[in-house]
Amino acid sequence: MSIAIQTEVPASAAGPAAWGAVLSMSLGVVVLIASEFLPVSLLTPIAETLRITEGQAGQAISISGVFAVLTSLFSSSLVTRFDRRTVTLFFTSLLIVSGAIVALAPTYMVMMAGRALLGVAIGGFWSMSTATVMRLVPSDAVPKALAMLNGGNALAATVAAPLGSFLGSIIGWRGAFFAVVPLAVIALVWQLLSMPSIPPEPEAKPAGKVFRLLRNPAVAYGMAAIFLLFMGQFALFTYLRPFLETVTRVDISVLSLLLLVIGVAGLAGTSVIGGILNSRLFSVLILIPLGMAAIAVALVLLGASTIATAILLGLWGLISVPAPVGWGTWLSRTVPEDADAGGGLMVAVIQLAITLGATAGGMLFDYSGYRSTFLLAAVLLSGSAGMAVMARKAGAAKAA
């Protein structure tokens, strides 16, 4: 999961808005995010086919996160030397190649290579997405265009897990992964036909500006809170399928329904959080991870009950999916003059947290079982709430 924010702000388009190009990028976002999180609902069949543990299968998410972090941090100085149309087409092409490699992978290492390519596509695409959109539409239309990109993000995050589970039960996990390839091809052709030439920027801003923001204590504490939030979230979320199959003991249809409950509840939470953030920003940022930690513990205690699990997962989606909206609002208020650089840093922090969360959760899941994994998530999420408190204090001290 990422946020459409960029570390540089180019001039907006002076001519007519290229909405076709924006929509083609939005389709690319849907495919990117769906591809990133498909393994969540397919860990068990992947592990069985490749003769690996479910924890090892979960590293398919980790490795894409590693390469997304590296690409998002260090690609900006390179991609700004080329036409943005060419760069967009390149990263979309990588998405197609990655999907084909994963779907056809004969071994675990080949699958991981395909997932690494996906990470490059994710990090590269998100590191330039907003800068590209701002060159495609006039300045007054930029918020609408960015909303389209983030709408694709939310849609993919909602449907990826349940759709992957459903398709996996019908055409197998390889078929589920390959199903995104035609969509990526459509996005590529659409971009080829609709996206105008976008010449490179005269100068690229130094990457070090992103890291200098951490000298601000409020930013440092806030990024720590974001890191612990996403690490805790994905330490648990990545291993929901094996938990639901072995502890709650649901069949594939109920599993798909429960994953859909998370997504639908998340969309509901996202739709209402905006008004709350205007007056209760830090209350939300503190209470969300505390609520998620309580749910993680409750799942350990009540996970054998299908009804209780369904309610808890609905609450999980309701409060976890809107979390990036809250932290995006915090970022815009904390460093308004450097919101773009801060956004680039946030994308890298989130991807790194997802990677480490999936890795640590998988190791514990393999060696100690789901209880250790879920309790680790609860500890990390509680730490996120503590860092949010520190971020509020640091921000108040600076304002004073």
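Since the model is a prediction, treat every value here as computed from it, not as a measurement.

Chemist: What's the story with the overall build of the protein in this structure? I'm lost.
Modeler: In terms of helices and strands, the protein carries 16 helices and 0 strands. Looking at the 400 residues of the protein, the share that counts as buried comes to 57%. Put simply, of all contacts in the protein between residues at least 6 apart along the chain, 87% involve residues at least 24 apart. Surface summary for the protein: the accessible area is close to 15,300 Å², and the carbon and sulfur share equals 71%.

Chemist: Help me understand helix α13 (residues 306-320) in this model?
Modeler: Residues separated by three or four positions in an α-helix point in the same direction, a consequence of the helix having 3.6 residues per turn. The first and last C-alpha atoms of α13 sit 20 Å apart over 15 residues, in line with the 21 Å expected at 1.5 Å per residue. Taken as a whole, α13 has its buried residues at Ala308, Thr309, Leu312, Leu313, Gly314, Trp316, Gly317 and Ser320.

Chemist: Explain a nonpolar patch on the surface to me, please; I cannot follow it from the model alone.
Modeler: A contiguous nonpolar surface patch, about 520 Å² in accessible area, is contributed by Val66, Phe67, Leu70, Phe74, Phe211 and Leu214. The topology assignment puts Leu70 in helix α3 (residues 54-74).

Chemist: What's the story with the nonpolar core in this structure? I'm lost.
Modeler: Nonpolar side chains tend to gather and get buried jointly when the protein is soluble and globular. One finds Met111, Leu136, Met223, Ile226, Trp327 and Trp330 to be the most contacted residues of the largest nonpolar core, which totals 123 residues. When residues in this core are grouped by element, the largest group, 19 residues, is from helix α12 (residues 252-302). Filtering out sequence-adjacent residues up to four positions away, Met111 remains in contact with Ile46, Leu50, Ala60, Val102, Ala105 and Trp173.

Chemist: What should I look at first to understand the environment of Leu70 in this one?
Modeler: With a relative accessible area of 45%, Leu70 lands in the partly exposed category. In this structure, the C-alpha to C-alpha distance between Leu70 and Gly124, residues 54 residues apart in sequence, is 9.2 Å.

Chemist: Help me understand helix α11 (residues 240-248) in this model?
Modeler: Of all 9 residues making up α11, 7 are buried, and the element is well covered by its neighbours. All of the buried residues in α11 are Leu240, Arg241, Pro242, Phe243, Leu244, Val247 and Thr248. Looking one or two residues past α11, Arg249 carries a phi angle of roughly 60 degrees, positive in sign.

Chemist: Which parts of the structure should I look at to understand the packing of helix α2 (residues 43-50) against α3?
Modeler: Helix-helix packing: each pair is described by the crossing angle between the helix axes and the interaxial distance. Closest axis-to-axis distance for the α2/α3 pair is 8 Å, and the angle between their directions is 115 degrees. The pairing of α2 with α3 is recorded here as roughly perpendicular in orientation. Pair α2 / α3 crosses with right-handed handedness. Across the interface between the two elements, Leu43, Thr44, Ile46 and Ala47 of α2 pack against Glu54, Ala57 and Gly58 of α3. Of the residues contributing to the contact of α2 with α3, the split by class is 4 nonpolar, 2 polar and 1 charged.

How each quantity is defined
Just so you know, the residues in each chain are numbered from 1, in the order the chain's sequence is written. In keeping with the model being predicted, local features are shown solely for residues with a pLDDT of at least 70 and side-chain atom pairs are shown and tallied solely at 80 or more, while totals for entire chains, interfaces and linings include all residues. Note that the side-chain values use all heavy atoms of the structure and ignore hydrogens as well as water. Counting from the N terminus, the helices are the DSSP runs of H or I reaching at least four residues and the strands are the DSSP runs of E reaching at least two. With a 1.4 Å probe rolled over the protein chains alone, any residue whose accessible area is under 20% of its type maximum counts as buried; one over 50% counts as exposed, and the rest are partly exposed. Contact definition: two residues touch when any of their heavy atoms are within 4.5 Å. Each accessible area is a Shrake-Rupley estimate made with a 1.4 Å probe; only the visible protein chains count as cover when residues are assessed. Take the residue count of a helix, subtract one, and multiply by 1.5 Å to get its expected span. Patch membership needs two things, relative accessible area over 30% and no salt bridge, and members are linked within 9 Å if like-charged or within 5 Å if nonpolar (Val, Leu, Ile, Met, Phe, Trp, Tyr). Between Lys or Arg on one side and Asp or Glu on the other, a salt bridge is scored when a side-chain nitrogen of the former is within 4 Å of a carboxyl oxygen of the latter. To form a nonpolar core, buried Ala, Val, Leu, Ile, Met, Phe, Trp, Tyr and Cys residues must be joined to one another through side-chain atoms within 4.5 Å. Every angle, taken between N-to-C directions, lies between 0 and 180 degrees, and every axis is a line fitted to C-alpha atoms, over only the stretch in contact when it is a helix. Note that the term roughly parallel is reserved for angles under 35 degrees, roughly antiparallel for angles over 145, roughly perpendicular for angles of 65 to 115, and oblique for everything else. Crossing chirality is assigned from the near helix's rotation relative to the far helix, an anticlockwise turn below a right angle marking it left-handed and a clockwise turn marking it right-handed. Gly is put with the polar residues, along with every residue not named as nonpolar or charged; the nonpolar set is Ala, Val, Leu, Ile, Met, Phe, Trp, Tyr, Cys and Pro, and the charged set is Asp, Glu, Lys and Arg.

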